[in-house]
Amino acid sequence: MPQTPARLAALAVAWPPHVLRQEDVAANGAEMFATTHGGFARLAPIYRNALIETRHSCVPIDWYLKRHSFSERNDLFLENALVLLAEASGKALDQAGLTADQIDSIVVVCTTGIATPALDARLMQVMPFRPDVKRLPVFGLGCAGGVVGLARAADMARAHPDDRVLLLVIELCALTFRAQDRSRSNLVATALFGDGCAAAVISCRDDVTGPALGVSHEHTWPDSLEVMGWEVADDGLKVVFSRDIPTLVQNDFRPIAETFLEGQGLTPTDIGGFVCHPGGARVIDALEDCFALERGALVHTRQVLRDHGNMSAATVLFVLKATLEDRAERAEGPLLLTTLGPGFTTALMLVHP
């Protein structure tokens, strides 16, 4: 007997209240980085070429001009993550017509803060989830966490077809900026990262409608740990990413994606929409080249990057929400979700609207 598919019953997003306008961030960058990397005149194109207009932050822009301890950053992370998780969860539950006590499992994906007790346990103190809800906090996936989290939540729903699974993805990337770090990676982070949260309700129950979550795939490149990740510094998490990421995408990503699609009897031309984690402007260009798309074809990926920046794992779910809502722009066929994250890992997934 065919298994009832796991379906996306609801998908909601949330972001914090402070708006970071790229021109304001660049002005602060001019002050902070004027004496490094050959002067700010050489660095200004990083902000302009990021193709980002606004991002959202848990703290006002002046906060970034001062030094902060790891404990101060993490306290802010815990406080603000809980607020955003409650907001996104409430929106998703309302969309699905559910209350918190009807959720059977919670999966929380995050890589930008440390929480023990985990964020799901903390959320249970402010929302009326049942005491017997199953909890799965997932750490360390970085930008790949949106697709991997969706895949794990779908697996849990398939394993327990009567359950309702709540997937939460929260990343407060902007809190990791360290004012005294003059490395190029930290500079690029000032032009790229923002804060955001996504929540999804997933179930195989017969009474659930919504897009079907199909098969997923992951590929981790050997000897690639240095491509992307965090280093733990005395004052916080220090961002690490290689400038070779667009080249890796350009050279290596398409064969992996094609092999995955071939296993499902598909080719890139059968895909009704590409739902890609943006990474950055150059990565989007590389993804469009990989799939032989016209420049600018990844409309929703580019729009999310423009309006929210790179929110790590949450970003691809913002793109998925925009894609599902824009039916006029969507061709026939399944959606292909793609992400790249620490490992160095790519995660892919098919979603059937």
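The coordinates are above.
All figures in this text were calculated on a predicted structure; none of them were measured in a lab.

A. Structural detail: the overall build of the protein. Along the backbone of the protein there are 10 helices and 13 strands. Relative to a compact globule of 353 residues, whose C-alpha radius of gyration would be 20 Å, the protein shows 20 Å and is just as compact. The buried share of the protein, reckoned over its 353 residues, is 58%. Considering only intrachain contacts with a sequence separation of at least 6, the fraction spanning at least 24 residues in the protein is 79%.

B. The nonpolar core, seen in detail. Core analysis: the biggest nonpolar cluster contains 47 residues, and Phe-77, Ile-103, Leu-119, Phe-129, Leu-168, Ile-170 and Leu-172 have the highest contact counts within it. The element contributing the most residues to this core is helix α3 (residues 70-96), with 9 residues. Sequence-distant contacts of Phe-77, that is, excluding residues within four places in its chain, are made with Cys-110, Thr-112, Gly-113, Ile-114, Leu-119, Leu-172 and Leu-175. In terms of nonpolar packing, the next biggest core, distinct from the first, is built from 38 residues, Ala-144, Val-165, Ala-198 and Leu-337 among them.

C. Region of interest: helix α5 (residues 145-159). Between its terminal C-alpha atoms α5 stretches 20 Å, which fits the 21 Å expected from 15 residues at 1.5 Å a residue. Among the 15 residues that make up α5, 11 are buried, leaving the element largely enclosed by the rest of the structure. If you check which residues of α5 are buried, you get Gly-145, Gly-146, Val-147, Val-148, Gly-149, Leu-150, Ala-151, Ala-153, Ala-154, Ala-157 and Arg-158.

D. Main features of the pattern of salt bridges. Enumeration according to the criterion identifies 17 salt bridges in this entry. The partner of Glu-288 in a salt bridge is Arg-295, with the nearest N and O atoms 3.2 Å apart. Take Arg-295: its relative accessible area is 48%, and that puts it in the partly exposed class. Here the residues in one salt-bridge network are Asp-285, Glu-288, Asp-289, Arg-295 and Arg-302, joined through shared partners.

E. Quick peek at empty space enclosed by the protein. With the rule as written, the count across this model stands at 2 cavities of 30 Å³ or more. Space inside the second largest cavity adds up to approximately 70 Å³. Broken down by secondary-structure element, the contributors of at least two residues to the lining of the second largest cavity are α3 and β10 (236-241). For the lining of the second largest cavity, the leading source of residues is α3, giving 4 residues. In the lining of the second largest cavity, the residues fall into 4 nonpolar, 5 polar and 1 charged.

F. Here's a closer look at the packing of helix α7 (residues 245-262) against helix α8 (residues 281-290). The contact between α7 and α8 brings their axes to 9 Å, and the two run at 15°. Considering their axes alone, α7 and α8 lie roughly parallel with respect to each other. Crossing angle aside, the handedness with which α7 passes α8 is right-handed. When α7 is examined against α8, the residues Ile-245, Pro-246, Val-249, Gln-250, Phe-253 and Arg-254 are found in contact with a partner set consisting of Arg-282, Val-283, Ala-286, Leu-287, Asp-289 and Cys-290. Across the contact of α7 with α8, the residue classes break down as 8 nonpolar, 1 polar and 3 charged.

G. Inspection of the side chain of Gln-22 at higher detail. Topologically, Gln-22 is positioned in helix α1 (residues 22-32). Excluding residues that lie within four positions of it along the chain, Gln-22 makes contacts with Tyr-47, Ala-50, Ile-52, Glu-53, Arg-55 and Ala-191.

H. Looking closely at the packing of aromatic side chains. Within this structure, the stated rule accounts for 6 aromatic pairs. An angle of 45° between the planes, with centres 6.1 Å apart, marks the rings of Trp-15 and Phe-318 as tilted. Here Phe-318 lies in helix α10 (residues 315-325) and Trp-15 lies in the loop between β1 (7-14) and β2 (18-21), a separation of 303 residues in the sequence. The class of Trp-15 is partly exposed, set by a relative accessible area of 37%.

I. Region of interest: the layout of surface pockets. A volume near 1000 Å³ is recorded for the largest pocket. What lines the largest pocket is a set of 45 residues, and nearest its centre among them are Val-188, Leu-192, Phe-241, Ile-245 and Gly-279. Where the lining of the largest pocket is concerned, the elements lending two or more residues are α2 (40-49), α6 (184-192), β9 (228-233), β10, α7, α8 and β12 (335-341). Per element, the largest residue contribution to the lining of the largest pocket is 5 residues, and it comes from α6. The residue makeup of the lining of the largest pocket, split by class, is 26 nonpolar, 15 polar and 4 charged.

J. Geometry of helix α9 (residues 299-308). Residues of α9 that are buried: His-300, Thr-301, Arg-302, Val-304, Leu-305 and His-308. The inward-facing, buried residues of α9 contact β3 (54-57), α6, β11 (273-276), α8 and α10. Following α9 by one or two positions, Gly-309 has its phi on the positive side, about 70°.

K. Structural view of the environment of Ala-157. Along the polypeptide, Ala-157 turns up in helix α5. Each C-alpha atom of the pair Ala-157 and Cys-204 lies 6.0 Å from the other, and the pair is 47 residues apart in sequence. Each residue touching Ala-157, except ones within four places of it in the same chain, is listed here: Ala-6, Val-165, Ile-202, Ser-203 and Cys-204.

L. Layout of the environment of Lys-134. By the element assignment, Lys-134 lies in strand β5 (residues 134-139). Given a relative accessible area of 35%, Lys-134 falls into the partly exposed group. Sequence separation between Lys-134 and Glu-53 is 81 residues, and the spatial gap between their C-alpha atoms is 39 Å. Sequence-distant contacts of Lys-134, defined by excluding residues within four places in its chain, comprise Asp-104, Ser-105, Ile-106 and Asp-163.

What counts and how
Each chain carries its own residue numbering, running from 1 in the direction its sequence is written. Local features in a predicted model are, by the rule used here, given only for residues with pLDDT of at least 70; side-chain atom pairs are given and counted only at 80 or more, and totals for whole chains, interfaces and linings are based on all residues. Water and hydrogen atoms play no part in the side-chain values, which are based on all heavy atoms of the structure. What counts as a helix is a DSSP run of H or I of at least four residues, what counts as a strand is a run of E of at least two, and both are numbered from the N terminus. Only C-alpha atoms enter the radius of gyration; for comparison, a globular chain is expected to reach 2.2 Å times N to the power 0.38, where N is the number of residues. The rule is simple: take the accessible area with a 1.4 Å probe, protein chains only, and divide by the maximum for that residue type; under 20% is buried, over 50% is exposed, in between is partly exposed. Note on definitions: a residue-residue contact is assigned when non-hydrogen atoms from the two residues lie within 4.5 Å. Nine residue types can take part in a nonpolar core, namely buried Ala, Val, Leu, Ile, Met, Phe, Trp, Tyr and Cys, and a core is a set of them joined through side-chain atoms within 4.5 Å. In a helix, the anticipated span is given by 1.5 Å times the number of residues less one. Counted as salt bridges are all cases of a side-chain nitrogen of Lys or Arg within 4 Å of a carboxyl oxygen of Asp or Glu. Only protein atoms enter the calculation, which uses a 1 Å grid: trapped sets of points that fit a 1.4 Å probe without letting it out are cavities, open sets showing protein on both sides within 12 Å along at least five of seven lines are pockets, and any residue with an atom within 4 Å of a point is a lining residue. Grid points are joined across faces, edges and corners, and a volume is the space filled by probe spheres set on the points. Classification convention: Asp, Glu, Lys, Arg as charged; Ala, Val, Leu, Ile, Met, Phe, Trp, Tyr, Cys, Pro as nonpolar; all other residues, Gly among them, as polar. Axis definition: a line fitted to C-alpha atoms, limited for helices to the stretch in contact. Angles are taken between N-to-C directions and run from 0 to 180 degrees. Should an angle fall under 35 degrees it is called roughly parallel, over 145 degrees roughly antiparallel, and 65 to 115 degrees roughly perpendicular, with every other angle called oblique. Helix crossings fall into two classes, left-handed where the near helix is turned counterclockwise from the far one by less than a right angle and right-handed where it is turned clockwise. In this analysis, rings of Phe, Tyr and Trp, with Trp reduced to its six-membered ring, are considered paired at centre separations within 6.5 Å, and the interplanar angle assigns stacked below 30 degrees, edge-to-face beyond 60, and tilted for intermediate values.

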